[in-house]
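# Summary of structural features
For reference, the chains in residue letters:
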Amino acid sequence: MTHQIHIVGGGLAGSEAAWQLAEAGFTVRLSEMRGIEATPAHHTDALAELVCSNSFRSDDANHNAVGLLHAEMRALGSLILAEADAHRVPAGSALAVDRDGFAQGVTAAIAAHPNITLVRERVDTLPQGPAIIATGPLTGAALAEAVRSETGEDALAFFDAIAPIVHRDSIDMDIAWFQSRWNKGDGHDYINCPMNKDEYLAFHTALMEGEKGEFREWERDTPYFEGCMPIEVMAARGVDTLRYGPMKPVGLDDPRTGRWPYAVVQLRQDNALGTLWNIVGFQTKLKHAEQVRVFRTIPGLQNAEFARLGGLHRNTFIQSPKLLDGSLRLKSRPNVRFAGQITGCEGYVESAAIGLLAGRFAAAELGGTALPSPPRETALGALLGHITGGAEVETYQPMNVNFGLFPPLEVKSKKADRKGLMAARAREALQQWQAVAHG
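What you see as residue numbers is a count from 1 along each chain, following the sequence as written. Residue-level local features of this predicted model are given only where pLDDT is at least 70; pairs of side-chain atoms are given and counted only at 80 or more, and the full residue set underlies all totals for whole chains, interfaces and linings. The basis for every side-chain value is the complete set of non-hydrogen atoms in the structure, without hydrogens or water.

### Quick look at the overall build of the protein chain
Numbering goes from the N terminus for both helices and strands, where a helix is a DSSP run of H or I of at least four residues and a strand is a run of E of at least two. A count of helical and extended segments in the protein chain gives 12 helices and 17 strands. Taken over the C-alpha trace, the protein chain has a radius of gyration of 22 Å; the compact-globule value for 439 residues is 22 Å, and the two agree within 12%. Taken over the C-alpha atoms alone, the protein chain extends approximately 65 × 50 × 45 Å along its principal axes. Between buried and exposed lies partly exposed: a residue is buried under 20% and exposed over 50% of the maximum accessible area for its type, with that area taken using a 1.4 Å probe on protein chains only. For the protein chain, the residues scored as buried account for 56% of the 439 residues in total. Look at the contacts in the protein chain between residues 6 or more apart in sequence, and 70% of them connect residues 24 or more apart. Within the structure as shown, the protein chain displays about 18200 Å² of accessible surface, and the carbon and sulfur contribution to it stands at 51%. The charge count includes Lys and Arg as positive and Asp and Glu as negative, but it does not include His or the ends of the chains. Lysine's charge is taken at NZ, arginine's at CZ, aspartate's at CG and glutamate's at CD. Averaging the coordinates of the 42 positive side-chain charges in the protein chain and doing the same for the 51 negative ones gives two points 4 Å apart. Both definitions apply: the radius of gyration is a C-alpha atom measure, and the globule rule equals 2.2 Å times residues to the power 0.38. A contact between two residues is defined here by any heavy atoms of the two lying within 4.5 Å. Here, Shrake-Rupley sampling with a 1.4 Å probe gives the accessible areas, and only protein chains in the shown set may cover a residue.

Structure follows, in structure tokens:
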């Protein structure tokens, strides 16, 4: 099948962009190198494989920006959100998925679409015709060099970390217990491992003294992304940092004491069967043997069996506010759009959202029209605006969607009401945009 547009990269953004274009009636060549070549982080050749957490974060569309983004993407026919909903696992108020079922669902949908040709191949140069580059944070060296050559800019880089996964039947439930913080959701969507003060201090010391993996030469000066900080890096910031971060005990009552513990390690369900649970916030650069030793000092995990140990890899992204126009086209080469994490958005949902927009912008252009950008009052518009000009070029760093990217409310309101009012404003703005975009 000949194609009208070439998409490079079959992750969340590339898959979403391909789906949007195909559903609009355009033929797509989707190139994905996994299947013929591995990456430092992926384990399968499935499209949209989740390499870190299995959580798409909060699904609260009224008080959380990422939950609002979920709702907007559902309204626009997102493949990624449809498959996430189809493979949802319990996670309180969050949207978490069975990672294997989710990736298999996306792969099957893409492979079955008559307007999409999925090709397992590595692309080393920028395409000459209409294209979307959605190669993500692990873009191949040759293609990254082609981007640098075209833009004259060095790619920025940061580290992203992977949390370990534990077999459920190896967790000691005489010590651990089920409970969501403040009993949100079903009230028992997380497994909690409590620590007293002495246990916590011993764990902190073990983290600090544990042997870490060596960075390669090209990784040594790369900054971390704050939203995916290795646990030992957090621990180095102060003895209580973890107790105010991923190990905070608030809202969790130890059934053995009736009180909040001194610190808590939480695990979240990672697959639909409930047999695998990931340790929340425990991304790490510790060597594998050290991970087993240190994490088994956690009460309840003393006999833990690990389905996957943590890891760390380098990510790259471009200076999007300088290089891209408002519809995600490369200013120096407007036949090429960029989408996903390579643009500097951070997070599964954000990556897919930018893929959705890139696909829709490209579909409009192929159809001979111009799609207006979604209003900045929407989650989609706020994220897009940040990437394509709202951020400072010199200090540009990966960013999750958040209400700080939205325009301030024009009416005075109580602080407790602002997020709800912003969400209501966003819903109205999205409806108006959809009417114009499809009118």
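### Describing the side chain of serine 180
Note on placement: serine 180 falls in the loop between strand 10 (177-178) and strand 11 (190-195). With sequence-adjacent residues up to four places away left out, serine 180 is seen in contact with Gly92, Gly187, His188, Asp189, Tyr190, Gly251 and Leu252.

### Some words on the nonpolar core
Membership of the largest hydrophobic core comes to 85 residues, with the highest contact counts inside it found for Phe56 and Phe102. Looking at this core element by element, the count peaks at 12 residues for helix 10 (residues 348-366). Among all residues touching phenylalanine 56, those that are not within four sequence positions of it are Leu50, Val66, His70, Ile80, Ala84, Leu95, Ala96, Val97, Phe102, Tyr348 and Val349. Among buried residues, the Ala, Val, Leu, Ile, Met, Phe, Trp, Tyr and Cys ones that are joined through side-chain atoms within 4.5 Å form a nonpolar core. Counting 29 residues, the second largest nonpolar core, distinct from the first, contains Val166, Phe203, Met234 and Ala235.

### Quick notes on the sheet that holds strand 6 (residues 116-120)
A sheet is described by the order of its strands in space; here six strands give the open sequence 6-2-1-7-17-16, paired in mixed fashion. Across the chains shown, the open sheet's two edge strands, defined by having one partner strand only, are strand 6 and strand 16 (329-330). For two strands to count as paired, DSSP must find a minimum of two bridges between them. Of the strand pairs in this sheet, strand 7 (residues 131-133) and strand 17 (residues 333-338) are connected by three bridges, and their pairing is parallel. Within strand 17, the residue paired with isoleucine 133 across the bridge is phenylalanine 338. Note on definitions: angles span 0 to 180 degrees between N-to-C directions of axes, and those axes are lines fitted to C-alpha atoms, for helices only across the stretch in contact. Across the face of the sheet, helix 10 comes into contact with strand 1 (5-8), strand 7, strand 16 and strand 17 while running at roughly 150° to strand 17.

### Side note on the packing of aromatic side chains
Two rings from Phe, Tyr or Trp (for Trp, the six-membered ring) form a pair when their centres sit within 6.5 Å of each other. Planes less than 30 degrees apart are called stacked, planes more than 60 degrees apart edge-to-face, and all others tilted. Taken as a whole, this structure holds nine aromatic pairs when the rule is applied. A centroid spacing of 5.0 Å and a plane angle of 50° characterise the contact between phenylalanine 403 and phenylalanine 406, whose relative ring orientation is tilted. According to the relative accessible area criterion, phenylalanine 403 is buried, its value standing at 13%. Residue phenylalanine 406 is classed as buried on the basis of its relative accessible area, which comes to 5%. The structure contains a cluster of three or more aromatic residues connected by ring pairs, namely Phe56, Phe102 and Tyr348. In this scheme, Lys NZ or Arg CZ marks a charge over a ring once it lies within 6 Å of the ring centre and within 35 degrees of the ring normal. Geometry around tyrosine 262 places arginine 243 over its ring, the cationic atom sitting 3.8 Å from the centre.

### Topic: helix 1 (residues 12-23)
Here a helix's expected span is defined as the number of its residues, less one, multiplied by 1.5 Å. In a regular helix each residue adds 1.5 Å, so 12 residues correspond to 16 Å; helix 1 covers 16 Å between its end C-alpha atoms and thus fits that length. Helix 1 sits mainly inside the fold: 11 of its 12 residues count as buried. Glycine 25 sits one or two positions beyond helix 1 and adopts a positive phi of about 100°.

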